[in-house]
Amino acid sequence: MSKDIFVFIERKDGAVRKVSFELLSKAKEIAGNISSDSYAILVGHNIKETADELKAYADKIIVVDKEILQEYRWDTYTQAMEYLVKKYNPKMVFGASTATGKDLFPRLAARLEMPIVSDAIGIDFEGQEMKIKKPLYGGKVISWVTFSGGKNTFVTFRPNTFSIEKKMLNGEIIEETMDVQKDTRINVLGIHKANIKKIDLQEADFIICGGRGMKGPENFQDLEEIAGIMGGRAGASRAVVDAKWRDYDDQVGKSGKTVSPKLYIGCGISGALHHTMGMDTSKVIVAINKDPNAPIFQYADYGIVDDIFTILPVLREGLKKAKEEL
Amino acid sequence: MKILVFIKQVADTEARILIKSDKTSLEIENKYNMNFFDEFAVEEAIKIKEKSKETLVAVCTYGPKRAIEALRTAIAMGVDQAFLLDNNSLNGDDPLITAKILAGFAKQGGFDFILCGRQAIDDESSNIGAMVAEFLGIPHVSSIMKLDIIDEKKALVESEIEGGRETIEVQLPALFTVQKGMNEPRVPLITGVMKAMKANIPLIDPYSLGLTREMIDTCAAKTNVLYYETPQDRPPVRIIEGNTPEEKVKALITILKEEAKVL
């Protein structure tokens, strides 16, 4: 087994996702500490420009360019990854804890019988070996996990776990190819894409969430506007999604999405455990609620006790000005 | 047709959880439920059974003896059979090993397709579905929102993907992980609860499933908990004071800029 670290690159509408740059930055840092190489693993079709873009972030870029790999599918991508992991024998393979990562990595880990830690939020050295930080029970407990059995290992990390550092490397591009067959037992009949313009909730640096205190679906327009100004995303609590004011795709919380943006603002959210478990790894939490006893204030760094509808217009203008000054 | 449903018993979100002094084990308050996402899988299987009388629904879990309670909930909802794959003789909690045992059970009992929740709410790993499918050599589809069984050989599913949905035709046998919103899980009727209390739930030894100790214990490559720790507490909230909304917002933005440095 080599000491190298692989990062599986995810793309969205052709562009490399932010989380992949985060993982490449961490992989390079670790590789630098153990005198090994970081690898960006780029699988797809017509991806030459993307490969060039990755040169600054990784020691080596493995490119697998095949028509059959145009769209992500577990059947084809598992074969490509299996081939590469067997050939290069990396110490670790990093991926993102996204819909794609959660679909691909367990299948791949099972095929190679390699241990996996999913949905991690950190990694560190434990002597010569690595230990992985993983939250349990909605963040009530943190576990540090190691591997046994002396095999290569897989880890998927939550988006926004690491910061991006452009290292100005000049990574070497390696082209690879292998035999890839489609699994004929699955046949995609149609893809319906919605919300294409929206930033992925889990990847957003800024999230402004509305709860029942928003009073009705029409008032979420205010949050959408603020999210737009900040280049972030509007989210919602479970109560709001259950009341069908917002789509399930917007739900932050235990049965929705777990998020860790740089700045989270909760508006008219009481702070049920269900919700806070999905956002308490955010870097900075601001709560706005007219009830000073709302539980959300126990999780917040900063709070404003006031009527949400008098605060929101002022907040929108304030944030707009702050953005313009940058 | 036979539908197999995998469930997990998980600690209630409100349960108190303490780290024991050895730092490698947890003390969990005795409040457990069926995993939130698995309820949708159980409900979907029962709905299919109600439409076609020839269908048998079996539910199983790999876990400790207390997990029998989650199986009883599934029986109360309306499944036909329940099995506990007893983890007493095995140490640790590794997804590869759990998946191997569940796949071993599925292979022995047979099935047309398998349903399970898209992830467990205690570890949020979402490993088991795709892993079991791989060990069984069958296709899987993650996070489905809609399932139509065309005939015994084919299903049409709608699944959630990044920023949308896709429609997929899948040859059976297959495994599907279920997303929230697929259906409305029923609350068991009292007659169901009575039936569940009396139901005989067989305990199955994982080693009776054609798996050796080397495969699922001693020689298996797996993950181990080094230690547990409590998350860092946030300092108490700072309430931003001011006489008007303008003053409060102004003060907040200054803090976010200069102190928190997130603007």
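Please read these numbers as outputs of a predicted model, since none were measured by experiment.

What follows covers the interface of chain A and chain B. Taken together, the contact between chain A and chain B spans 92 residues of the former and 80 residues of the latter. Taken together, both faces of the contact between chain A and chain B bury some 7,200 Å²; the carbon and sulfur share is 56%. Looking at the side of chain A facing chain B, the largest losses of area belong to Tyr-137, Arg-185 and Tyr-302 of chain A, adding up to 11% of the total buried there. Inspection of the chain A/chain B interface yields 10 salt bridges. Note that Lys-254 of chain A and Glu-124 of chain B form a salt bridge whose closest N and O atoms lie 3.0 Å from each other. Inspection of the region where chain A meets chain B yields 49 residue pairs in polar contact (both at pLDDT 80 or more). A total of nine residues in the side of chain A that touches chain B trace back to one element, the largest contributor, which is helix α4 (residues 99-112) of chain A. Partitioning the side of chain A that touches chain B into residue classes produces 42 nonpolar, 22 polar and 28 charged.

Below, the discussion takes up the sheet that holds strand β18 (residues 302-305) of chain A. Picture the strands of a sheet paired through backbone hydrogen bonds; they go either parallel or antiparallel. If you walk across this open sheet you meet the six strands as β15(A)-β14(A)-β16(A)-β17(A)-β18(A)-β15(B), and the pairing is parallel. Two strands lie at the open edges of the sheet, namely β15 (233-236) of chain A together with β15 (238-239) of chain B, each paired on one side alone. In terms of strand pairing, strand β14 (residues 206-210) of chain A meets strand β16 (residues 263-267) of chain A through five bridges, oriented parallel. When the sheet's bridge partners are listed, Cys-209 of chain A is paired in β16 of chain A with Gly-266 of chain A. Along the sheet, helix α7 (residues 245-258) of chain B makes contact with β16, β17 (284-289) and β18 of chain A together with β15 of chain B, crossing β18 of chain A at roughly 175 degrees.

A separate point is the layout of surface pockets. In this model, the second largest pocket occupies a volume close to 1,300 Å³. Residue lining of the second largest pocket: 37 residues in total, with Asp-280 and Thr-281 of chain A together with Pro-231, Gln-232 and Arg-234 of chain B positioned closest to the centre. Residue assignment for the lining of the second largest pocket shows that the elements contributing at least two residues are α1 (18-33), β9 (129-136), β10 (141-148) and α7 (273-276) of chain A together with β3 (17-19) of chain B. Top contributing element to the lining of the second largest pocket by residue count: β3 of chain B, with three residues. Across the lining of the second largest pocket, the residue classes break down as 14 nonpolar, 12 polar and 11 charged. Each of two domains, domain 1 (5-175) and domain 2 (201-325) of chain A, supplies a minimum of three residues to the lining of the second largest pocket.

Relative to the assigned elements, Lys-131 of chain A resides in strand β9. Of the polar contacts made by the side chain of Lys-131 of chain A, one reaches the side chain of Glu-126 of chain A; its length is 3.2 Å. A distance of 2.7 Å separates polar atoms of two side chains, one belonging to Lys-131 of chain A and the other to Tyr-227 of chain B. Excluding residues within four positions of it along the chain, Lys-131 of chain A makes contact with Gly-122, Ile-123, Asp-124, Phe-125, Glu-126, Trp-144, Val-145 and Thr-146 of chain A together with Leu-226 and Tyr-227 of chain B.

Definitions and limits used
Residues numbered from 1 in each chain as written. Chains lettered and ligands numbered in written order. Predicted model: local features only at pLDDT ≥ 70, side-chain atom pairs only at ≥ 80, totals over all residues. Heavy atoms only, no water. Contact = heavy atoms within 4.5 Å. Buried area = accessible area lost by both parts, 1.4 Å probe. Salt bridge = Lys/Arg side-chain N within 4 Å of Asp/Glu carboxyl O. Polar contact = N/O pair within 3.5 Å; in protein donor to acceptor, adjacent residues only side chain to side chain. Helix = DSSP H or I, 4+ residues; strand = E, 2+ residues; numbered from the N terminus. Nonpolar A, V, L, I, M, F, W, Y, C, P; charged D, E, K, R; others polar. Pairing = 2+ DSSP bridges. Axes fitted to C-alpha atoms, helices over the stretch in contact; angles between N-to-C directions. 1 Å grid on protein atoms, 1.4 Å probe; cavity = no way out; pocket = protein on both sides within 12 Å on 5 of 7 lines; lining within 4 Å. Points joined across faces, edges and corners; volume = space filled by probe spheres on them. Domains from an automatic or database assignment.

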